[in-house]
Amino acid sequence: MPGRHSAPSSATGSRGFAKYVVVAVVLLLIVAGGVFVAQKVFGSDCGDPSNYTLAADPAIAPVLQKIVDDSSPEDLGCAEVTVTAMESGQVSAAVAKGDDVPSLWIPDSSLWVGKTVRSTASLIDLASQSVASTPAVLAARKDEVPFFDTWLTALKLEGLRIGNPLANTISDAAILGAVAEAGTDEKALDSVSTALVPIAQAQAATRGEADPTTRLDDLVADGGVAVVSEQTMLQYRNDTGAELGATVPPTGSIFLNFPLAVTEPAGERHDSAKSAGTALAAVIESDRGREMLSEAGFRSEDNAPLDSDRGIGAVESLAIGDQQAAESVLRQYQVLALPSRTLVMEDVSGSMNYSAGANTRIAMTVQASETGNRLFPDNASMGLWAFSIGLGGGDQDYRELAPIRRMDDKVGNTTQRDVLLQQTRTLPSLVGGGTGLYDTTLAAFRTVQQGYDPDAVNSVIILTDGANEDPNSISLDELLATLRTEQDPSRPVVIVTIGITDDADAGVLQQISAATGGTSFVARNPAEIPNVFVNALRSRSGR
């Protein structure tokens, strides 16, 4: 019957159609796979991909290179990415100065991005807040891992291998962990500062410390405890076979978070670099990217523990509640750890002969300088300039009375310390003329910068009772712009200003100090001058 035969006929047609659909899908997959393979073998079909440079922290650069090599230009938004391993401080300095700036940047911590933003006074786009993470840990030989109830307890451990917090973020983590634990408790923060004193003194004695891998070498050889990242410890263990263990206090740990920043300078390539960065972030955060990061010992951006019982398991992330308090503690560490390299500028303009109580302003300044001279240890370096309009001859408003030398350096039959005392006492005989502040400030900044000592706090200290009076000097705006442009975040020179009496232009002095990350003080009456000078010496900062 026709009706009976129609049903099977329909079913057969459906099966045939289904068969053709399956064949078509298979063919499509084969063709698509062929195109994919062809793209891998014969190159991209996205035209002419743009090339962007990616500067990455040395810890993460190798695995990023593998991820990029495993990606096509299409995966990266029709772009090619060249990965270069660079220390975060180097990149921060390059971005601040505008020299050899990479298109994209992955530092080990958002702290570097924040420092760079502050130094450039401009925002930096982020393609990703975090592409990977790893906590700071306390590493030791496998059977010698101690228990620490807090990071403060760890900081008090004699011989703790902390590294160099002045140049290494993972070493900052131990201090920041203790600060995070302290919160806003001033007594607790004071305890952190106290714990840093012996560590800082040891730092000053060794004049710089080893990188994390070398710290682990020393740990394996001699025992003890070292602050490193979980990823560094795992990589070291895989590379050397060393039997290492690690712990963190039950309070948690500071995590390195590896953000992806867009540092391509403003212009026609910035938006396309941002697109490439967004595409790269997506590749890194893909299943395959996360797998490769995990194999290299990195956690994902959510800080989740590594698989296969690798690492130290679940760790609470410690957050800094008061960023200013944290930065203050780090600056204090810097002052404690590093010797001083300072150029002191003394104003000898005519107004310095004005009365200041029973003495003149210049007499009180000499007294303050003599007090300060006694504060500096032998390993400090100091130089002295006097300044007033034309004092140096012609258009030069400054005269060098003593070049920068170590305080215990022999100078003829005496020492640099005595030379400075002798020259300071000649200042009253030089008083006269107007205040040549701006040109002298820039010249002093450049002088200290040219002879920069990475193992010292490099600073300029200015004592003045007036405002700039040189009509032929650069303007204040030019001075501030030049200081910001020439400041190098990885080689900072800070300017500390001291205004003598209310005649000093406190607003201008504050702007000059702020342009370099320094501080400004005003001694409003003669009795305050010695104390203000002492406080200024103790406040030197910059990083």
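Residues numbered from 1 in each chain as written. Predicted model: local features only at pLDDT ≥ 70, side-chain atom pairs only at ≥ 80, totals over all residues. Heavy atoms only, no water.

A. Representation of the overall build of the protein chain within the structure. A count of helical and extended segments in the protein chain gives 18 helices and 19 strands. Per-residue burial for the protein chain yields a buried fraction of 50% across its 543 residues. (Helix = DSSP H or I, 4+ residues; strand = E, 2+ residues; numbered from the N terminus. Buried < 20%, exposed > 50% of the residue type's maximum accessible area, 1.4 Å probe, protein only.)

B. Spatial organisation of the sheet that holds strand β18 (residues 493-500). Pairing is mixed in the open sheet, where six strands are placed in the order β14-β13-β10-β17-β18-β19. Taken across any chain shown, the strands that pair with only one partner, and hence form the sheet edges, are β14 (398-406) and β19 (520-523). Each strand of the sheet is rotated relative to its neighbour by a mean of 15°, with strand direction disregarded. The sheet strands contacting helix α14 (residues 416-424) are β13 (381-387) and β14, and the helix crosses β14 at an angle near 160°. With respect to the sheet, helix α15 (residues 437-450) is in contact with β10 (340-347), β13, β14, β17 (457-464) and β18, its orientation differing from that of β10 by roughly 165°. (Pairing = 2+ DSSP bridges. Axes fitted to C-alpha atoms, helices over the stretch in contact; angles between N-to-C directions. Contact = heavy atoms within 4.5 Å.)

C. Examining the state of the cysteines more closely. Taken as a whole and judged by the stated rule, the model has one disulfide. Two residues, Cys-46 and Cys-78, share a disulfide whose sulfurs are 2.3 Å apart. Between Cys-46 and Cys-78, the disulfide has an S-S torsion of 90° and is therefore right-handed. With Cys-46 in the loop between α1 (2-42) and β1 (50-56) and Cys-78 in the loop between α2 (61-69) and β2 (79-85), the pair connects residues that are 32 residues apart, well separated along the chain. Overall, the relative accessible area of 24% leaves Cys-46 in the partly exposed class. (Disulfide = S-S within 2.5 Å.)

D. Structural detail: the pairing of strand β6 (residues 226-229). Of the two faces of β6, the one holding Ala-226 and Val-228 and the one holding Val-227 and Ser-229 are both buried throughout. Direction of pairing for strand β5 (residues 134-141) relative to β6: antiparallel, over a ladder of four bridges. By the bridge assignment for β6, Ala-136 is matched with Ser-229.

E. Broad picture of the nonpolar core. Counting 65 residues, the largest nonpolar core has Ile-60, Ile-106, Leu-155, Leu-260 and Ile-284 as its most contacted members. Here this core gets nine residues from one element, more than from any other, and that element is helix α6 (residues 169-182). Those residues in contact with Leu-155 that sit more than four places away from it in its chain are Leu-160, Ile-162, Ala-174, Ile-175, Ala-178, Ala-195, Leu-196 and Ile-199. Counting residues in hydrophobic clusters, the runner-up holds 26 residues, among them Trp-385, Phe-387, Leu-480 and Val-508. (Core = buried A, V, L, I, M, F, W, Y, C linked by side-chain atoms within 4.5 Å.)

F. Focus on the packing of helix α16 (residues 476-486) against helix α17 (residues 506-514). Across the interface, α16 lies against α17 with an axial gap of 9 Å and an inter-helix angle of 20°. In terms of orientation, α16 and α17 fall into the roughly parallel class. Of the residues in α17, those in contact with Leu-476, Leu-479, Leu-480 and Leu-483 of α16 are Val-508, Gln-511 and Ile-512. In terms of residue class, the contact of α16 with α17 is built from six nonpolar, one polar and no charged. (Parallel < 35°, antiparallel > 145°, perpendicular 65-115°, else oblique. Nonpolar A, V, L, I, M, F, W, Y, C, P; charged D, E, K, R; others polar.)

G. How the structure looks around the packing of aromatic side chains. With the rule as written, the count across this model stands at two aromatic pairs. Pairing Phe-258 with Phe-298 gives two aromatic rings, centres 5.3 Å apart and planes at 90°, and the pair type is edge-to-face. Taken together, the residues span a long stretch of sequence, with Phe-258 in the loop between β8 (255-256) and β9 (260-262) and Phe-298 in the loop between α11 (287-295) and α12 (323-337) at a distance of 40 residues. Judged by its relative accessible area of 2%, Phe-298 falls in the buried class. The cationic tip of Lys-115 hangs over the ring face of Trp-112; the distance from NZ or CZ to the ring centre is 4.4 Å. (Phe/Tyr/Trp six-rings, centres within 6.5 Å; stacked < 30°, edge-to-face > 60°. Lys NZ or Arg CZ within 6 Å of the ring centre and 35° of its normal.)

H. View of the pattern of salt bridges. Inspection of every chain in the model, using the stated rule, returns 14 salt bridges. Measuring nitrogen to oxygen at the nearest pair gives 3.4 Å for the salt bridge that ties Glu-144 to Arg-141. Here Glu-144 falls in the partly exposed class, since its relative accessible area comes to 41%. Asp-378 serves as the salt-bridge partner of Arg-417, at 2.9 Å between the closest nitrogen and oxygen. Within this pair, whereas Arg-417 is found in helix α14, its partner Asp-378 is found in the loop between α13 (361-375) and β13, the two being separated by 39 residues in sequence. Judged by its relative accessible area of 17%, Arg-417 falls in the buried class. Its relative accessible area of 43% is what places Asp-378 among the partly exposed residues. Three or more residues joined by partner-sharing salt bridges are found here, namely Asp-70, Arg-288 and Glu-291. (Salt bridge = Lys/Arg side-chain N within 4 Å of Asp/Glu carboxyl O.)

I. Seen up close, the side chain of Arg-161. Following the sequence through the fold, Arg-161 ends up in the loop between α5 (151-155) and α6. It turns out Arg-161 is buried and unbridged, and the closest side chain with the opposite charge, Asp-222, is 4.1 Å from it. Sequence-distant contacts of Arg-161, defined by excluding residues within four places in its chain, comprise Arg-215, Asp-218, Leu-219, Asp-222, Gly-223, Gly-224, Val-225, Ala-226 and Val-227. (Lys, Arg positive; Asp, Glu negative; His and termini not counted.)

J. Representation of a negative patch on the surface. Taken together, Glu-87, Asp-211, Asp-217, Asp-218 and Asp-222 make up a surface patch of like negative charges. Inspection of the secondary structure puts Glu-87 in the loop between β2 and α3 (88-97). (Patch = residues over 30% accessible without salt bridge, like charges linked within 9 Å, V, L, I, M, F, W, Y side chains within 5 Å. Areas by Shrake-Rupley, 256 points an atom, 1.4 Å probe, with all protein chains shown as cover. Charge placed at Lys NZ, Arg CZ, Asp CG, Glu CD.)

K. Structural view of the packing of helix α8 (residues 212-222) against helix α9 (residues 230-240). With their axes 10 Å apart at the nearest point, α8 and α9 run at an angle of 60° to one another. Our classification of the angle between α8 and α9 gives oblique. Of the two elements, α8 crosses α9, and the hand of that crossing is right-handed. Taken together, the residues of α9 that come into contact with α8 (itself represented by Pro-212, Thr-213, Leu-216, Asp-217 and Val-220) are Thr-232, Met-233 and Tyr-236. (Left-handed = near helix turned anticlockwise from the far one by under 90°.)

L. Up close: the sheet that holds β1. Within the open sheet, the five strands sit side by side as β2-β1-β3-β9-β4. Their pairing is mixed. Edge positions in the sheet fall to β2 and β4 (125-128), since each of these pairs with one other strand and no more. Going across the sheet, the axis of each strand differs from the next one's by a mean of 30°, ignoring polarity. In this structure, β1 lies alongside β2, joined through seven bridges in parallel fashion. Paired with Leu-54 across the two strands is Val-83, which belongs to β2.

M. Main features of the pairing of β1. Handedness of the crossover joining β1 and β2 through α2: right-handed. For β1 and strand β3 (residues 104-106), the ladder comprises three bridges, and the chain directions are parallel. Looking at the pairing, Ala-56 lines up with Ile-106 of β3. (Right-handed = clockwise from strand over helix to strand, strands pointing away.)

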